[in-house]
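Take a look at the letters that make up each chain.
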Amino acid sequence: MKKSGAVPRHLPTSPFKPRAVAPPKHFALGDRVTHDAHGLGRVVGVEGEDAVLVDFGSRQERIVQPYTGMFVL
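What counts, and at which threshold
Residues numbered from 1 in each chain as written. Predicted model: local features only at pLDDT ≥ 70, side-chain atom pairs only at ≥ 80, totals over all residues. Heavy atoms only, no water. Helix = DSSP H or I, 4+ residues; strand = E, 2+ residues; numbered from the N terminus. Rg over C-alpha atoms; globule rule 2.2 N^0.38 Å. Contact = heavy atoms within 4.5 Å. Pairing = 2+ DSSP bridges. Axes fitted to C-alpha atoms, helices over the stretch in contact; angles between N-to-C directions. Phe/Tyr/Trp six-rings, centres within 6.5 Å; stacked < 30°, edge-to-face > 60°. Buried < 20%, exposed > 50% of the residue type's maximum accessible area, 1.4 Å probe, protein only.

J.: When you look at the overall build of the protein in this model, what are you seeing that I'm missing?
T.: Along the protein, the regular secondary structure elements total zero helices and five strands. For the protein, the succession of helices and strands along the chain, N to C, is β-β-β-β-β. Over its C-alpha trace the protein gives a radius of gyration of 16 Å, far above what one expects of a compact globule, namely 11 Å for 73 residues. Over its C-alpha atoms, taken along the principal directions, the protein stretches across nearly 50 × 25 × 20 Å. Considering only residue pairs separated by 6 or more positions, the protein has 29% of its internal contacts joining residues 24 or more positions apart.

Here's what the structure looks like:
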């Protein structure tokens, strides 16, 4: 059974290529972003590399790493 936090490994004898690691996303104050669940918004706060605060108009949401579903426009 696979653990939920397990990191997939690549065996050197495998005929398949290892998965490419996606570069971490970085957001800055004022960036216009889109989020799959929340829609369009603007970054109003950055908490280091851990989280960003985004204003989506009707509400503000704190989005944490790995920022899946959020992209800079």
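Now that the structure is up, let's keep going.
J.: In this structure, what is going on with the sheet that holds strand 4 (residues 60–64)? I would like to understand it.
T.: By definition, the strands of a sheet pair up through backbone hydrogen bonds, in either a parallel or an antiparallel sense. Strand order in the open sheet formed by five strands is 4-3-2-1-5, and the pairing between neighbours is antiparallel. Each end of this open sheet is capped by a strand with a single partner; those strands are strand 4 and strand 5 (70–72). Between one strand axis and the next, the sheet turns through 40° on average, direction left out of account. Two elements, strand 1 (residues 32–35) and strand 5, share three bridges in a ladder whose sense is antiparallel. Bridge pairing links T34 to F71 in strand 5.

J.: Explain the packing of aromatic side chains to me, please; I cannot follow it from the model alone.
T.: How two aromatic rings sit relative to each other is set out by the distance from centre to centre and by the angle between their planes. Evaluated as defined, the whole model comprises one aromatic pair. Aromatic pair F27 and Y67: ring centres 5.0 Å apart, planes at 80°, arrangement edge-to-face. Of the two residues, F27 is situated in the segment before strand 1 and Y67 in the loop between strand 4 and strand 5; the sequence distance between them amounts to 40 residues. Residue classification places Y67 among the buried positions, given a relative accessible area of 3%.

J.: Got a minute to help me understand unusual backbone geometry in this structure?
T.: What you tend to see is this: most non-glycine residues have negative phi, and most peptide bonds are trans. In this model, Q65 is joined to P66 through a cis peptide bond whose omega is 10°. Tracing the sequence through the fold places P66 in the loop between strand 4 and strand 5. Positive phi is not limited to glycine here, since Y67 has a value of about 60°.

J.: Explain the pairing of strand 3 (residues 51–55) here, please?
T.: Regular strands show a simple pattern: their side chains alternate between the two faces of the sheet. Bridge count for strand 2 (residues 39–47) against strand 3 is five bridges, and the pairing is antiparallel. Bridging across to strand 3, V43 finds its partner in V54. The turn linking strand 2 back onto strand 3 is made up of three residues, and G48 within it adopts a positive phi angle of 60°. As paired strands, strand 3 and strand 4 are joined by five bridges and run antiparallel to one another. Residue pairing for strand 4: A51 is matched across the bridge by V64. The antiparallel hairpin formed by strand 3 and strand 4 contains four residues in its connecting segment, where G57 sits at a positive phi of about 95°.

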